[in-house]
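Coordinate inspection notes
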Amino acid sequence: MDLVKRQTHPEEKRSNLKMKKVALIYLDRSGGLQKFVDDCKLYSGDSKQSYAVFRFLISVNPSDIAELDATFGNCVLHEPVKATQIFQSVCFTAVKTLALIPQLQTEAQMNIVLKPTHLPSLPSYILSLSKFPFDYTSQRFYISEGIVVAMTIITKYTQGARFVCSEKKCPFSEEFQYIRLHTPGATESATVRNDFVCSLCTSPLQEDMKYRVLGDKQIVEVIDTKAIHVFQGFSSSKTHFRFQSFIIFLRDELCNKMKIGNRYKVIGIPVCMQSCSRVQLCLEANSVQLSSLTGPACVSENFKYLLAFSSNSCWRFTAILANSFASQVLPSGIYNTLKLATLLSLVQTSDRDEEATACLDLLVVTNDSLILERFMNYSVCLVPRGVRHIASSEMFPAVSRDKHGMGTASIQASSALLAKGGVCFIGELSSHKKDKLEQLQSVLESRTTTLFIPGKKYGEDTDQQVTLPIDTSFWSFIDMDSSSRKHVQKGNTLIGQMDLSSVSANLIDAFGLLIHCNELSPSDPVPPVVERILKKAIDPEEAAYATSQRIGTQDYEEFIAFSKNLHVELGSEAERLINGYYLASRRVRKHSVYGSTLSTAALKILYFYILHSPKCYFPI
């Protein structure tokens, strides 16, 4: 801090005084002043500890401040550094007037951090990397929304430091005159270095190490929410975009506030960071909030007509859905069981990142992988968080060295975390290596994955172990006609009689639902009972059949988005159906020839299958 201050214009001085009055009125009315007094007690109560920097968080509502004074409201939004100085002066005066902190000597010791509650819903406040040129030198608040794809472990940074004059006779050799505080975008060398000089005697300044204040720092990499479409592998849109990730700095109380795979709205100040030969735009976060999508208020008119038409039958609406779903990529009338199970898995997805998702994993056995893969590629795009995993990429999180010059461990998101709350289609099961399949089995059973971070490798003193939840539904299939396997097909259509020796039995049991698509095989036709029920439910001459053929992709997207946000309760009829099916299946599975085991995952899905039947969503 310079001893000789710049001469302030009288008009500017009056403006600053007015804004200080407004700041004090706002703190008093919003309860911020009382909170500030309570925070001061934490410092004053610790008489044994000496502090050079006193840090306070001030929550500011731009709308409320603008109502009190438009000028100061504009200052908070567009000149947060100046607004911070205004609040710093007001808080320092309050401390001295009320004698809250006896240790406090100078205003420079006050480290005030503004926490805006929101920003105006205007395009000029949205951080957009596609806007060129971007004025990153404005040092004002912006809001950005994105999905976390990588984050480092927590490291330390210098939050504040005290410097004294090296000349013992200088008055500033003992006082708290020179306080260095971290500012948005500042590097460690900008806060603490050895070339500072005293403004009074020009002697070198020395840091008083016992007063250095360290804080927590975490680097998070975020991509735009629209970028998730790149990972879906299929899109009906002809528009092409280029997406680029950007960096967010989380400090102190914001560390660990963001989780990999979640979607957030972040308010902060953009800064330009230079790492080696690279220059990158970053965001110093001031506040972090979870962001969730809002689904449609109702379904389309076509679905409403089908619901009204099928109100006299418990299963007619379900049969119509199974018959017409994905007609753009699959002929109507085939793979009805698979299509119904796929819809059940899709409506079980969630747009609320703070809630754990009850997942429905699908494993399909087929003789025609081309049709099946085309169908699943189409279906995974019907939810916002649907991801088509590529075998050459990582399925689960991995640890690598931070590429932004920090050298710390960085946890990279994977297909499973990018699809959080949604669906991850991992393709043919045999295309993955044995260790990946073992990891997949562990995740399906525990819904978590654990990462080991060796401290020595990444410059830390101790090793760390991080456990991440995997709230994602996995889809996969087994190609029975693959040339890499020699299967001996048996005439019996029971799943327990199929030759699946190429895949671990425990891995198969870990999937919630195993479906055998044998409808196109001449030796395995559709069971007569199923064929009769479908023909009875779907009459091509009826108007409902014609309506079902007009339901398009957008209608199904709205239907899924609406259905998954409904609260579903288990009815007495559904409960009796579950009990009856379970008792009957136990008798069949005890048979010495046709019997097969019933896994724990299958029991859970049996309950889930009835509870989330599409008819349960629309009681008529």
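Residues numbered from 1 in each chain as written. Predicted model: local features only at pLDDT ≥ 70, side-chain atom pairs only at ≥ 80, totals over all residues. Heavy atoms only, no water.

**Details of a nonpolar patch on the surface**
- Taken together, the side chains of V230, F231 and F243 define a hydrophobic patch exposed on the protein surface, amounting to about 250 Å² of accessible area.
- Tracing the backbone shows F243 in the loop between β7 (213-224) and β8 (246-251). (Patch = residues over 30% accessible without salt bridge, like charges linked within 9 Å, V, L, I, M, F, W, Y side chains within 5 Å. Areas by Shrake-Rupley, 256 points an atom, 1.4 Å probe, with all protein chains shown as cover. Salt bridge = Lys/Arg side-chain N within 4 Å of Asp/Glu carboxyl O. Helix = DSSP H or I, 4+ residues; strand = E, 2+ residues; numbered from the N terminus.)

**Comments concerning the confidence of the model for the chain**
- When pLDDT is averaged along the chain, the result is 80; 79% of the residues meet or exceed 70.
- Residue range residues 483-496 is modelled with pLDDT below 50. Its contacts to residues more than four positions away, or to other chains, number 24 contacts.
- Long-range and interchain partners of residues 613-620, a stretch whose pLDDT sits below 50, account for 32 contacts in this model, where long-range means more than four residues apart. (pLDDT = per-residue confidence, 0-100. Contact = heavy atoms within 4.5 Å.)

**Side note on helix α9 (residues 336-347)**
- With twelve residues, α9 extends 17 Å between its outermost C-alpha atoms, agreeing within 8% with the 16 Å of an ideal straight helix rising 1.5 Å per residue.
- Among the twelve residues of α9, eleven are classified as buried, and the element is accordingly described as predominantly covered.
- Along α9, the residues that are buried comprise N336, L338, K339, L340, A341, T342, L343, L344, S345, L346 and V347. (Expected span 1.5 Å × (residues − 1). Buried < 20%, exposed > 50% of the residue type's maximum accessible area, 1.4 Å probe, protein only.)

**Looking at the sheet that holds strand β15 (residues 423-428)**
- Strand order in the open sheet formed by five strands is β12-β15-β18-β11-β19, and the pairing between neighbours is parallel. In the strand order of this sheet, the two ends are held by β12 (386-388) and β19 (513-517), each with one partner. Strand-to-strand twist in this sheet, taken as the mean axis angle between neighbours without regard to direction, amounts to 20°.
- For β12 and β15, the ladder comprises three bridges, and the chain directions are parallel. By the bridge assignment, R388 is partnered in β15 with F425. (Pairing = 2+ DSSP bridges. Axes fitted to C-alpha atoms, helices over the stretch in contact; angles between N-to-C directions.)

**So, the nonpolar core**
- Core analysis: the largest hydrophobic core is formed by 56 residues, its most contacted members being I248, M258, L429, L440 and F474.
- In terms of residue count, strand β3 (residues 142-152) provides more of this core than any other element does, five residues in total.
- Those residues within four positions of I248 in sequence are excluded, and the remaining contacts are Q218, I219, V220, V222, M258, V266, L283 and A285.
- L307, Y335, L360 and I371 belong to the second-largest nonpolar core, a separate cluster that totals 43 residues. (Core = buried A, V, L, I, M, F, W, Y, C linked by side-chain atoms within 4.5 Å.)

**Some thoughts on the packing of aromatic side chains**
- Taken as a whole and judged by the stated rule, the model has 18 aromatic pairs.
- Centre to centre, the rings of Y43 and F54 are 5.0 Å apart; their planes meet at 75°, and the pair counts as edge-to-face. Pair noted here: Y43 is in helix α2 (residues 32-44) and F54 is in strand β1 (residues 54-60), with a separation of eleven residues, a long-range link. Considered together, Y43 and F54 belong to a single accessibility category, that of buried residues.
- Ring centres of F325 and Y378 lie 6.4 Å apart, and the angle between their planes is 55°; this geometry places the pair in the tilted category. (Phe/Tyr/Trp six-rings, centres within 6.5 Å; stacked < 30°, edge-to-face > 60°.)

**Topic: the side chain of Q218**
- Positionally, Q218 belongs in strand β7.
- Among the residues examined, Q218 registers a relative accessible area of 3% and is labelled buried.
- Here T152 takes part through its backbone oxygen, which lies 3.0 Å from a polar atom of the side chain of Q218.
- Ignoring sequence-local partners within four residues, the contact set of Q218 consists of M151, T152, I153, I154, I248, F249, L250, C255 and N256. (Polar contact = N/O pair within 3.5 Å; in protein donor to acceptor, adjacent residues only side chain to side chain.)

**Structural notes on unusual backbone geometry**
- At A99, a position not held by glycine, the phi torsion is positive, near 50°.
- One can find A99 in the loop between α5 (80-98) and β2 (110-116).
- Despite not being glycine, A326 has its phi angle at roughly 60°, a positive value.
- Among the secondary structure elements, A326 is positioned in the loop between α8 (316-324) and α9.
- With a relative accessible area of 0%, A326 lands in the buried category.

**Quick notes on the side chain of H432**
- Within the element layout of this structure, H432 appears in the loop between β15 and α12 (434-446).
- A polar side-chain atom of H432 sits 2.7 Å from the main-chain carbonyl oxygen of I426.
- Other than its neighbours up to four places away in sequence, H432 contacts H389, A391, M395, I426 and L437.

**Regarding the pairing of β8**
- Burial of β8 is extensive: six of the six residues sit out of reach of the surface.
- Of the two faces of β8, the one holding F246, I248 and L250 and the one holding I247, F249 and R251 are both buried throughout.
- Both β7 and β8 contribute to a ladder of six bridges, which runs antiparallel. The residue bridging K217 from the neighbouring strand is R251, located in β8.

**Some remarks on α2**
- Taking 1.5 Å as the rise per residue, α2 with 13 residues should run 18 Å; its terminal C-alpha atoms sit 18 Å apart, in good agreement.
- Those residues of α2 lying buried are G32, F36, V37, D39, C40 and Y43. Down the axis of α2, the buried set is contained in an arc of 165°. They therefore lie on one face. For α2, exposure combined with an orientation more than 90 degrees from the buried face picks out K41 and L42.
- In this fold, the buried residues of α2 make contact with α1 (10-30), β1, α5 and β2. (Arc of directions from axis to C-beta.)

**Describing the packing of α8 against α9**
- Packing of α8 against α9 brings their axes to within 8 Å, and their N-to-C directions diverge by 105°. In terms of orientation, α8 and α9 fall into the roughly perpendicular class. On α9, the residues touching T318, L321, A322, N323 and S324 of α8 are N336, K339, L340 and L343.
- Across the contact of α8 with α9, the residue classes tally to four nonpolar, four polar and one charged. (Parallel < 35°, antiparallel > 145°, perpendicular 65-115°, else oblique. Nonpolar A, V, L, I, M, F, W, Y, C, P; charged D, E, K, R; others polar.)

**Considering the packing of α9 against helix α10 (residues 369-379)**
- The contact between α9 and α10 brings their axes to 11 Å, and the two run at 25°. With respect to their mutual orientation, α9 and α10 come out roughly parallel. Our pair here, α9 against α10, has a crossing hand that is right-handed. Residues L338, K339, T342 and L346 of α9 form the contact with α10, whose own contacting residues are L372, F375, M376 and S379.
- Class assignment for the residues of the contact of α9 with α10 results in five nonpolar, two polar and one charged. (Left-handed = near helix turned anticlockwise from the far one by under 90°.)

**Observations concerning the pattern of salt bridges**
- The final tally for this structure, using the stated rule, is 15 salt bridges.
- Between D69 and K18 there is a salt bridge whose closest N-O contact spans 3.5 Å. With D69 in the loop between α3 (62-68) and α4 (70-78) and K18 in helix α1, this pair connects stretches of sequence that are 51 residues apart.
- With its nearest N and O atoms 3.0 Å apart, the salt bridge here joins D39 to K35. Of this pair, D39 and K35 are both found in helix α2, four residues apart, which corresponds to roughly one turn of the helix.
- Judged by relative accessible area, K35 falls into the partly exposed class, the value being 42%.
- Linked through salt bridges whose partners overlap, the residues forming this network are R55, K115, D252 and E253.

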